[in-house]
Amino acid sequence: QVQLVESGGGLVQAGGSLRLSCAASGRTFSSYAMGWFRQVPGKEREFVSCINGNGGSTYYADSVKGRFTISRDNTKNTVYLQMNSLKPEDTAVYRCAAAYYIGRYRPKKSSYEYDDWGQGTQVTVSS
């Protein structure tokens with residue numbers, strides 16, 4: 001089990017950028033696949049991006065592909081989400097999630113595949 005704390009959210013104009021961070025506790029961070037999800041009140045949680053333990057495999061939702069970049073620094077137990085060219089429809093609470101895995105990595109795009117979650121950080125994009 002890991003504890004996750006997100007930061008970096010805020011208010012930004014359309015076309016702007018933000019970088020979210022998710023700091024994890026624990027000594028085996030590289031054994032965890034990490035994901036970013038977002039949720040708007042009244043809507044289902046939406047997959048944004050995920051990354052494997054060593055950072056070599058990344059996946060994105062079509063809605064953010066080409067604009068968002070996920071990365072991780074295992075020496076700092078932190079995963080990042082760089083968000084560029086933000087749109088008003090990107091407004092949501094963004095949460096990071098962790099899933100312990102062994103062996104070959106399969107991209108984890110469902111929230112049910114994750115065991116630990118952060119509290120979330122609000123991202124608001126104004127038009």
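Everything that follows concerns the structure shown earlier in this document.
Keep in mind that this is a model prediction, so the values were computed, not measured.

> Quick question: what am I supposed to make of the overall build of the protein here?
In terms of helices and strands, the protein carries zero helices and eleven strands. In terms of overall size, the protein behaves like a compact globule, its C-alpha atoms giving a radius of gyration of 14 Å where 127 residues would be expected to give roughly 14 Å. For the protein, the C-alpha atoms occupy an extent of roughly 45 × 25 × 25 Å along the three principal directions. Looking at the protein as a whole, 44% of its 127 residues qualify as buried. The long-range share in the protein, meaning contacts at least 24 apart out of those at least 6 apart in sequence, stands at 60%. Here the protein has roughly 6,700 Å² of accessible surface; of this, 45% comes from carbon and sulfur atoms. The protein carries 15 positive and 10 negative side-chain charges, and their two centres are separated by 4 Å.

> Before we go on, may I ask you to explain the packing of aromatic side chains in this structure?
Each aromatic ring pair is characterised by the separation of its centres together with the angle its planes make. Under the counting rule described, the total for this entry stands at seven aromatic pairs. An angle of 65° between the planes, with centres 5.4 Å apart, marks the rings of Y32 and Y100 as edge-to-face. With Y32 in strand β4 (residues 32–39) and Y100 in strand β9 (residues 92–100), this residue pair connects regions lying 68 residues apart in the sequence. On the basis of relative accessible area, Y32 is assigned to the buried category, the value being 7%. Overall, the relative accessible area of 45% leaves Y100 in the partly exposed class. Geometrically, the ring pair formed by Y59 and Y105 is tilted, given 6.4 Å between the ring centres and 35° between the ring planes.

> For this particular structure, what's the right way to read the sheet that holds strand β8 (residues 78–83)?
The strands making up a sheet are joined through hydrogen bonds of the backbone, oriented either antiparallel or parallel. Read across the open sheet, the four strands follow the order β1-β3-β8-β7; overall the sheet is antiparallel. Edge strands, defined here as strands with exactly one partner in the open sheet, are β1 (4–7) and β7 (68–73). Averaged over all adjacent pairs, the angle separating strand axes in this sheet is 15°, with direction ignored. Two strands pair when backbone bridges link them, and strand β3 (residues 18–24) and β8 are joined in this way by six bridges, in the antiparallel orientation. Residue pairing for β8: A23 is matched across the bridge by T78.

> Teacher, can you tell me more about the side chain of D90 here?
Within the fold, D90 resides in the loop between β8 and β9. Engagement of the side chain of D90 in a polar contact is seen with the side chain of R67, the distance being 2.7 Å. Other than its neighbours up to four places away in sequence, D90 contacts R38, R67, F68, S85, V123 and V125.

> Please explain the environment of G53 as it appears in this structure.
The residue G53 is located in the loop between β5 (46–51) and β6 (58–60) in this model. Residue classification places G53 among the buried positions, given a relative accessible area of 1%. Sequence separation of G53 and D73 is 20 residues, and the distance between their C-alpha atoms is 10.0 Å.

> Can you help me understand the side chain of N77 in this one?
Checked against the element boundaries, N77 lands in the loop between β7 and β8. Residue class for N77 comes out buried when judged on its relative accessible area of 15%. Separated by 2.7 Å, the side chain of N77 and the backbone oxygen of G26 make a polar contact. Contacts of N77, omitting those with residues within four sequence positions, involve C22, A23, A24, S25, G26 and F29.

The rules behind these values
Residues numbered from 1 in each chain as written. Predicted model: local features only at pLDDT ≥ 70, side-chain atom pairs only at ≥ 80, totals over all residues. Heavy atoms only, no water. Helix = DSSP H or I, 4+ residues; strand = E, 2+ residues; numbered from the N terminus. Rg over C-alpha atoms; globule rule 2.2 N^0.38 Å. Buried < 20%, exposed > 50% of the residue type's maximum accessible area, 1.4 Å probe, protein only. Contact = heavy atoms within 4.5 Å. Areas by Shrake-Rupley, 256 points an atom, 1.4 Å probe, with all protein chains shown as cover. Lys, Arg positive; Asp, Glu negative; His and termini not counted. Charge placed at Lys NZ, Arg CZ, Asp CG, Glu CD. Phe/Tyr/Trp six-rings, centres within 6.5 Å; stacked < 30°, edge-to-face > 60°. Pairing = 2+ DSSP bridges. Axes fitted to C-alpha atoms, helices over the stretch in contact; angles between N-to-C directions. Polar contact = N/O pair within 3.5 Å; in protein donor to acceptor, adjacent residues only side chain to side chain.

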